[in-house]
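Given next are the chains, with one letter for each unit.
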Amino acid sequence: MGLNETPSADRAHIGFFGRKNAGKSSVMNAVTGQDLSVVSPVGGTTTDPVQKAMEILPLGPVVLLDTPGLDDEGELGSLRVKKSLQALNKTDAAVIVIDGTKGAGTEDLELMERVRGKKIPFLVALNKADLVPERERERIASAVQKAGEIKGGKPSAPVLWVSAKTGEGIEELRETLARAASSGKEERPLVRDLIRPGDPVFLVIPIDSSAPKGRLILPQQQTIRDILDGDGIVTAVKETGLSEALRKAGTKPALVITDSQAFRTVAAQTPEEIPLTSFSILFARYKGNLEDAVRGVRALDGLRDGDRVLIAEGCTHHRQCGDIGTVKLPAWIRRHTGRELSFSFVSGTEFPEDLSGYALAVHCGGCMLNGREMKYRLACARDQGVPMTNYGILIAHVNGILKRSVRPFPDIYRLLADAPEGDQIT
């Protein structure tokens, strides 16, 4: 990904849902003007969610999700339906596509209720307008609107007639989608609100066997871009060169940001008066789960022998010797607690709905997840009473520098203000 591209996690995610052969893929292709999904008159052509990042006017940078039919049958079909419903967890705006020649079915109405429950803006696209006489359309649309009404008689969502075949109504669909996708969307700074124009910021980026060759990883790219957007000055060094870089710097940096794995080394080299945090902690704040992560880390000190710990990553990557999620974190947790623990690992889109068997969940910064999916995962843990913390927060805690690592964020620091460094949160 280039620095001029919007990361997928920061794009509005728009999902197309409905029954088999309603024309979900055809409508999505019509909206984009491209053949992104395979279409066929045979029901069930889409067997897995299809995801594509692109730019569409007037929507701007988006991620489009095409999903299998919600009325798929059999053992394999039920797995496809489950995948479709999982896609809702990262959907910022939904299009429920209904075959206009058939009207709304049970699955469509249940989907409307589910989408409403998740507070996802949505609209209904009645497809195949080219097969329905004009005089019939208002009656069918009214019936769908009435069936999908919220209790109390309030309309649930706009109902539009479209034809993926002729293009009728597609422009109106784009315009309506743009309004739905932008509703409630807020511009969040990653780091630029912590600095002033002209402030130097040091980024500590280890280059080891796990670092990708020839490029920086997404959190590092996004942090650099956000600092530049705030007119800050970026200095990037390896952890082995930090002391020398600080000594040669003409101005004391306003902030040092490190890869969490190097927290101990970097903290030892950075004078106490210089604010210090990590990429992972910045992303926890960016995704809206920093306070929960700080509160959740207290569970680490209460773990008992036999407890289960879930370690979750939002991306999928090749596991290497010394992998942070599967090797380093379990080792640090065992050493800190002195307990015999059981660890489970998930990555990518896989995240267990049932967390009741876990004493603690530890999540990565979530740079590959959009805000809605990160909030969903946090809500799963919160609703089931399972504390969830973050890679960077946990690593800072086991190294006795948790208070220092959140000092740049006054609201969060106040949670720890009365606790000695390294102690549990009061």
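Fair warning: this is a prediction, and the values are worked out from it, not measured in the lab. (Residues numbered from 1 in each chain as written. Predicted model: local features only at pLDDT ≥ 70, side-chain atom pairs only at ≥ 80, totals over all residues. Heavy atoms only, no water.)

## Overview of the nonpolar core
Here is the rule we go by: Joining through side-chain atoms within 4.5 Å is the link that ties buried Ala, Val, Leu, Ile, Met, Phe, Trp, Tyr and Cys residues into a set, and such a set is a nonpolar core. Burial here depends on accessible area, computed with a 1.4 Å probe over protein chains only, as a share of the maximum for the residue type. Under 20% is buried, over 50% is exposed, and the range in between is partly exposed. In this description, contact between two residues means that some pair of their heavy atoms is separated by no more than 4.5 Å.
In terms of nonpolar packing, the biggest core is built from 62 residues, with Ile257, Leu329 and Ile393 touching the most fellow members. Excluding its chain neighbours within four sequence positions, the residues that come into contact with Ile393 are Ile281, Leu290, Ala293, Val294, Val297, Leu402 and Val406. Core analysis: the next-biggest nonpolar cluster, separate from the first, contains 26 residues, Val31, Ala125, Val162 and Ala180 among them.

## Some points on helix H2 (residues 74–87)
Condition: We count a stretch as a helix when DSSP gives it H or I for four or more residues in a row; a strand needs E for two or more, and each element gets its number in order from the N terminus. What a helix should span is 1.5 Å times the count of its residues minus one.
The first and last C-alpha atoms of H2 sit 20 Å apart over 14 residues, in line with the 20 Å expected at 1.5 Å per residue. Burial in H2 covers these residues: Gly77, Arg80, Val81, Ser84, Gln86 and Ala87. Residues of H2 that are buried make contact with strand S1 (12–18) and strand S3 (60–66).

## Observations regarding the side chain of Thr32
The criterion, for reference: Pairs of N or O atoms are called polar contacts if they sit within 3.5 Å, as long as, within protein, a hydrogen donor faces a hydrogen acceptor (for residues adjacent in sequence, only side-chain-to-side-chain pairs).
Mapped onto the fold, Thr32 is located in helix H1 (residues 24–32). A distance of 3.1 Å separates the side chain of Thr32 from the backbone oxygen of Asn29, its partner in a polar contact. The residues contacting Thr32, other than those within four sequence positions of it, are Met54, Ile56 and Leu64.

## Considerations on the pattern of salt bridges
Our working definition: Every case where a carboxyl oxygen of Asp or Glu lies within 4 Å of a side-chain nitrogen of Lys or Arg is listed as a salt bridge.
Throughout the structure, instances matching the rule amount to 21 salt bridges. Note that Arg372 and Asp92 form a salt bridge whose closest N and O atoms lie 3.7 Å from each other. With a gap of 280 residues between them, Arg372 in helix H12 (residues 371–383) and Asp92 in the loop between H2 and strand S4 (93–99) connect regions that are remote in the sequence. One salt bridge in this structure joins Asp229 and Arg225, with 3.0 Å as the shortest N-O distance. Note that Asp229 and Arg225 are positioned in helix H6 (residues 218–229) at a spacing of four residues, about one turn of the helix. Each of Glu134, Arg137 and Glu168 takes part in one network of salt bridges that share partners.

## Remarks on the packing of aromatic side chains
So the rule is basically this: Any two rings among Phe, Tyr and Trp, with Trp reduced to its six-membered ring, count as a pair given centres within 6.5 Å; such a pair is stacked if its planes are under 30 degrees apart, edge-to-face if over 60, and tilted if neither. To sit over a ring, a charge needs its Lys NZ or Arg CZ within 6 Å of the ring centre and within 35 degrees of the ring normal.
Counting across every chain of the model gives one aromatic pair. Both rings, one in Phe283 and one in Tyr286, keep their centres 5.9 Å apart while their planes meet at 85°; by these two values the pair is edge-to-face. Of this pair, Phe283 and Tyr286 both sit in helix H9 (residues 279–286), separated by three residues, roughly a single helical turn. The same class applies to Phe283 as to Tyr286, namely buried. Between the NZ or CZ atom of Arg137 and the centre of the ring of Trp161, over which it lies, the distance is 5.8 Å. When the ring centre of Tyr286 is taken as reference, the NZ or CZ atom of Arg188 above it lies at 4.6 Å.

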